[in-house]
Amino acid sequence: MIIRERASPNHDARPEGGRVDMLVLHYTGMKTAAEAIDRLCDPAAKVSAHYVIDEDGTVWRLVEESRRAWHAGVSYWQGTENVNAASIGIELVNPGHEWGYRAFPEAQMASLETLGSALLQRHPIPADRVAGHSDVAPLRKQDPGELFDWPRLARAGIGFWPTEPAPAAMDIAGAQAMLSSIGYRLPRSGVLDDETSQVLIAFQRRFRPRRIDGALDDETATRLAAVERAVSALRGGRAV
Ligand SMILES: [Zn+2]
């Protein structure tokens, strides 16, 4: 895989330790790759990512992995408040929901698998800490979205995709407990409030993309239980 260089000024030092243990995937959400890369390199925009992967599979490096790129914004996952400090960010070129959301092409996915595998060699990133931007910022973000092929990525050894069935009986309090255990931040109100609904939408976008409505139907409950069980198993004795 050939990596092309296009340096972004939008980065700073990782905090003390500098340990990287998360991978966050995004889409660019702009009309063209050139427009997206220009913005990610514009000092006024104050945003960036470590890598951008174009739809033809071209990989651009914008920020060195040792530096903190500014891709996730206000975010949270499994107790990590400053996701940028602990993560590598990859932007997949795609117009996104605003400009004509479309499937991620084969060449782009193949490059992502190659790059992702190399990243996992260099950094200790647990499978349950490979996340979408919408997982770490469910109230603000939809990317990479329901067309992204998480099962394929998991088959390539990057992230996870639970498949086993699980019992479905679950109330809202139970769903909130499961979502929290998986890694999402949300209120434990026991009722289906707006924020819980938004987090359920983020969960569905990632793990039940067939229907994204924020409702706790039987299939969503079944997926919640399966994902929670998988994350618990992946986490093992690891402190969160
Ligand atoms: Zn994003």
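All figures in this text were calculated on a predicted structure; none of them were measured in a lab.

Trainee: Requested: an account of the nonpolar core, with residues and values cited.
Mentor: By size, the foremost hydrophobic cluster in this structure holds 23 residues, and its most contacted members are Leu179, Ile182, Tyr184 and Phe203. With near-sequence residues (within four places) excluded, Leu179 lies in contact with Tyr184, Leu186, Val199, Leu200, Phe203 and Leu224.

Trainee: Just give me the short version of the packing of aromatic side chains, but keep the residues and values in it.
Mentor: Per the stated rule, a full pass over the model turns up 8 aromatic pairs. With centroids separated by 6.2 Å and ring planes inclined at 80°, the aromatic side chains of Tyr101 and Phe104 adopt a geometry described as edge-to-face. The burial state of Tyr101 is the same as that of Phe104; both residues are buried. Seen from their ring centres, Phe160 and Phe207 are 5.7 Å apart, and the 45° between their planes marks the pair as tilted. One end of the pair, Phe160, is in the loop between helix H6 (150–155) and helix H7 (172–182); the other, Phe207, is in helix H8 (residues 194–207), and 47 residues separate them in sequence. Considered together, Phe160 and Phe207 belong to a single accessibility category, that of buried residues.

Trainee: Please provide a residue-by-residue account of the sheet that holds strand E7 (residues 87–92), values included.
Mentor: Spatial ordering of the open sheet is given by E1-E5-E4-E7-E3-E8, a layout of 6 strands whose pairing is mixed. Every other strand in the sheet has two partners, leaving strand E1 (3–5) and strand E8 (130–132) as the edge strands with one partner each. Adjacent strand axes in the sheet meet at a mean angle of 25°, parallel and antiparallel pairs treated alike. Pairing between strand E3 (residues 22–27) and E7: 6 bridges, direction parallel. Paired with Leu23 across the two strands is Ile88, which belongs to E7. Of the strands in this sheet, E3, strand E4 (51–53), strand E5 (59–61) and E7 are in contact with helix H4 (residues 106–122), which crosses E4 at around 155°.

Trainee: Can you break down unusual backbone geometry residue by residue, with the values?
Mentor: Each neighbour pair has its own omega, and for Asp143 with Pro144 the value is 5°, a cis peptide bond. In this fold, Pro144 is placed in the loop between helix H5 (133–136) and H6. In the Ramachandran plot, Lys46 falls in the positive-phi region, its phi being about 55° despite a non-glycine side chain. Along the chain, the position of Lys46 falls in the loop between helix H1 (33–40) and E4.

How each quantity is defined
Residues numbered from 1 in each chain as written. Predicted model: local features only at pLDDT ≥ 70, side-chain atom pairs only at ≥ 80, totals over all residues. Heavy atoms only, no water. Core = buried A, V, L, I, M, F, W, Y, C linked by side-chain atoms within 4.5 Å. Buried < 20%, exposed > 50% of the residue type's maximum accessible area, 1.4 Å probe, protein only. Contact = heavy atoms within 4.5 Å. Phe/Tyr/Trp six-rings, centres within 6.5 Å; stacked < 30°, edge-to-face > 60°. Helix = DSSP H or I, 4+ residues; strand = E, 2+ residues; numbered from the N terminus. Pairing = 2+ DSSP bridges. Axes fitted to C-alpha atoms, helices over the stretch in contact; angles between N-to-C directions.

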